[in-house]
Amino acid sequence: MARTRHRSLDCSPGCAVEATLQLIDGKWKGVILYHLLAEAPDGGSLRFNGLRRRMPNVTQRMLTNQLRELEADGFVHRTVYAEVPPRVEYRLTERGRSLEPVIRALKAWGDAHAAPPAATGHEIGAETEAA
């Protein structure tokens, strides 16, 4: 299914946010970007299997599709070496590197808020127990 892309960002105040989220949507794109930033901070690259090892729950097909979309959107550069077996490496482009503050902010938010909430008495069903 083809994704709808914004041709211009003058549609509404939140349109740029929507357009950005459409570019990095997908269960694994943010994780791929994070690993390329974290594991290759000097502009280095990671091989396909290196990415796969860092994301054991992603299927080969899904990883390939997400990498292709990131490449098509200009976030990732793919280099294929004429070797047997073929060696494929992925690195962030300048556009991909420009997402670093966004990816780091998502990680920081996740570190702070993604854990189950502490027992505060505000959980669902807590009001019925107190009654």
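Under an unreviewed UniProt entry, the protein chain has the name Helix-turn-helix domain-containing protein and belongs to Methylobacterium ajmalii.

Some words on the pattern of salt bridges
What the rule picks out here adds up to six salt bridges. A salt bridge links Lys 29 to Asp 25; the shortest N-O distance between them is 3.8 Å. A residue is classified by how much of its surface remains accessible, and Lys 29, at 0% relative accessible area, is buried. A residue is classified by how much of its surface remains accessible, and Asp 25, at 33% relative accessible area, is partly exposed. The salt bridge partner of Lys 107 is Asp 111, with a shortest N-O separation of 2.7 Å.

What about the sheet that holds strand E1 (residues 46-47)?
Pairing is antiparallel in the open sheet, where three strands are placed in the order E1-E3-E2. With one partner strand each, in any of the chains shown, E1 and strand E2 (76-81) form the two edges of the open sheet. Where E2 and strand E3 (residues 87-92) come together, six bridges link them in antiparallel fashion. Note on E3: the bridge partner recorded for Arg 78 is Tyr 90. Contacts from helix H2 (residues 29-39) reach E1, E2 and E3 within the one sheet, and its direction differs from that of E3 by about 90°.

Thoughts on the packing of H2 against helix H6 (residues 100-113)
Relative orientation of the contacting elements H2 and H6 amounts to 105°, with a least axis distance of 10 Å. The angle between the axes of H2 and H6 places the two elements in the roughly perpendicular class. Side by side, H2 and H6 meet where Gly 30, Leu 33, Tyr 34, Leu 37 and Ala 38 of the first sit next to Glu 100, Ile 103, Arg 104 and Lys 107 of the second.

As for the nonpolar core
Counting 22 residues, the largest nonpolar core has Ile 32, Leu 33, Leu 36, Leu 51, Leu 63 and Tyr 90 as the members making the most contacts within it. Residue assignment for this core shows that the elements contributing at least two residues are H2, helix H3 (48-54), helix H4 (60-72) and E3. For this core, the element with the most residues is H2, which contributes four residues. Those residues within four positions of Leu 51 in sequence are excluded, and the remaining contacts are His 35, Leu 36, Leu 46, Leu 63, Leu 67 and Tyr 90.

Conventions and cut-offs
Residues numbered from 1 in each chain as written. Predicted model: local features only at pLDDT ≥ 70, side-chain atom pairs only at ≥ 80, totals over all residues. Heavy atoms only, no water. Salt bridge = Lys/Arg side-chain N within 4 Å of Asp/Glu carboxyl O. Buried < 20%, exposed > 50% of the residue type's maximum accessible area, 1.4 Å probe, protein only. Pairing = 2+ DSSP bridges. Helix = DSSP H or I, 4+ residues; strand = E, 2+ residues; numbered from the N terminus. Contact = heavy atoms within 4.5 Å. Axes fitted to C-alpha atoms, helices over the stretch in contact; angles between N-to-C directions. Parallel < 35°, antiparallel > 145°, perpendicular 65-115°, else oblique. Core = buried A, V, L, I, M, F, W, Y, C linked by side-chain atoms within 4.5 Å.

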